[in-house]
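As a plain string of letters, each chain reads:
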Amino acid sequence: MAGKLFSRRRDGRIEVRLNDVGRAAIREVFAHVLAAEREPEHEWHLSLNAPINPSSDDDDPLSSLARQNEIASNAELSIMTLNEQYLNDAEGWAWLSTLQVALRSTAVVNGLLSDEKLEACAPELLDDIRTMQQFLFELAACF
Amino acid sequence: MPSAQPLRFSSTESDVESEVAVITERPWNVIVWNDPVTPMTVVVVIFKRIFGYSNNKCTDLMLTVHHEGRAVVWSGQRERAESYCVKLQVAGLQATVERDA
């Protein structure tokens, strides 16, 4: 059985055991999230700006701005720590949040809103999703 | 033909009861919606991190989301509800706020 990709050590740090291929895959995901937050034309941009209160015509601009800043700063922190062997708790949480944002954005822009649609999607896309799920599953075990 | 009966009863002061209406503001709910891609353990971890709930409560809420399509994960003041909603969205979950019915 393959070893864990992420492991919480006794000193509280999270050890990252990804090889170069794994880190390259994650780098691409993090870069997409950061680009989506900054570029309104990015295909993920709308999914990052979902309504907070759908019954209202407009969300509170301060809440929207807080969300935008936090998603971007999580993605930035994740990119800055991409080559680290050990992450502290906040860095690990930024990785988890950014990966999860990427996973859900991928599902939303591809219309994968049900189990049936997910199973019927293109194999390459399903492969990308399964890879992100695996990263998330293992990283979540550290929290 | 209109009835000859009076349309309302006459009353005296002693018959009138006064009522004090207590209007309580309806709380705002934070709703988390199901999606087919998010691993269950990730949902539990996010609830635990954001709300500090017990493992059991987080698991129950996650299962409610999974089986019923949505769950109310927090209720209270509007500002706090929106703040929690933003935290959930930042963590990548689909969350909204709505006023309690």
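Here, the structure is the one placed above.
One structure accompanies this document, and this report is about it. (Residues numbered from 1 in each chain as written. Chains lettered and ligands numbered in written order. Predicted model: local features only at pLDDT ≥ 70, side-chain atom pairs only at ≥ 80, totals over all residues.)

### Let's talk about the nonpolar core
For soluble globular proteins, the rule of thumb is that nonpolar side chains tend to be buried together.
Alright, step 1. In this structure, Leu99(A) and Leu136(A) are the most contacted members of the largest nonpolar core, which totals 57 residues.
Alright, step 2. Among the elements that line this core, the one with the most residues is helix α4 (residues 89–109) of chain A, at nine residues. (Core = buried A, V, L, I, M, F, W, Y, C linked by C-beta atoms within 7 Å. Buried ≥ 20, exposed ≤ 12 C-beta atoms within 10 Å, placed from the backbone. Helix = DSSP H or I, 4+ residues; strand = E, 2+ residues; numbered from the N terminus.)

### Re the interface of chain A and chain B
Alright, step 1. Contacts between the two partners involve 31 residues from chain A, matched on the other side by 20 residues from chain B.
Alright, step 2. Within the side of chain A that touches chain B, the residues separate by chemical class into 18 nonpolar, eight polar and five charged. (Contact = placed C-beta atoms within 7 Å. Nonpolar A, V, L, I, M, F, W, Y, C, P; charged D, E, K, R; others polar.)

### Notes on the environment of Lys4(A)
Residues and elements named next belong to chain A.
Alright, step 1. Take Lys4: it is sitting in the segment before β1 (6–8).
Alright, step 2. Expressed as a C-alpha distance, the spacing of Lys4 and Val16, which sit twelve residues apart in the sequence, is 8.9 Å.
Alright, step 3. Residues contacting Lys4, with those up to four places away along its chain left out, are Arg17 and Glu138.

### Some details on the sheet that holds β1(A)
Neighbouring strands of a sheet are bound in pairs by backbone hydrogen bonds; such pairs are parallel or else antiparallel.
Residues and elements named next belong to chain A.
Alright, step 1. In space, the three strands of this open sheet follow the order β1-β2-β3, with antiparallel pairing throughout. The sheet terminates laterally at β1 and β3 (86–87), the two strands that pair on one side only.
Alright, step 2. Bridge count for β1 against strand β2 (residues 14–16) is three bridges, and the pairing is antiparallel. Paired with Arg8 across the strands is Ile14, a residue of β2. (Pairing = 2+ DSSP bridges.)

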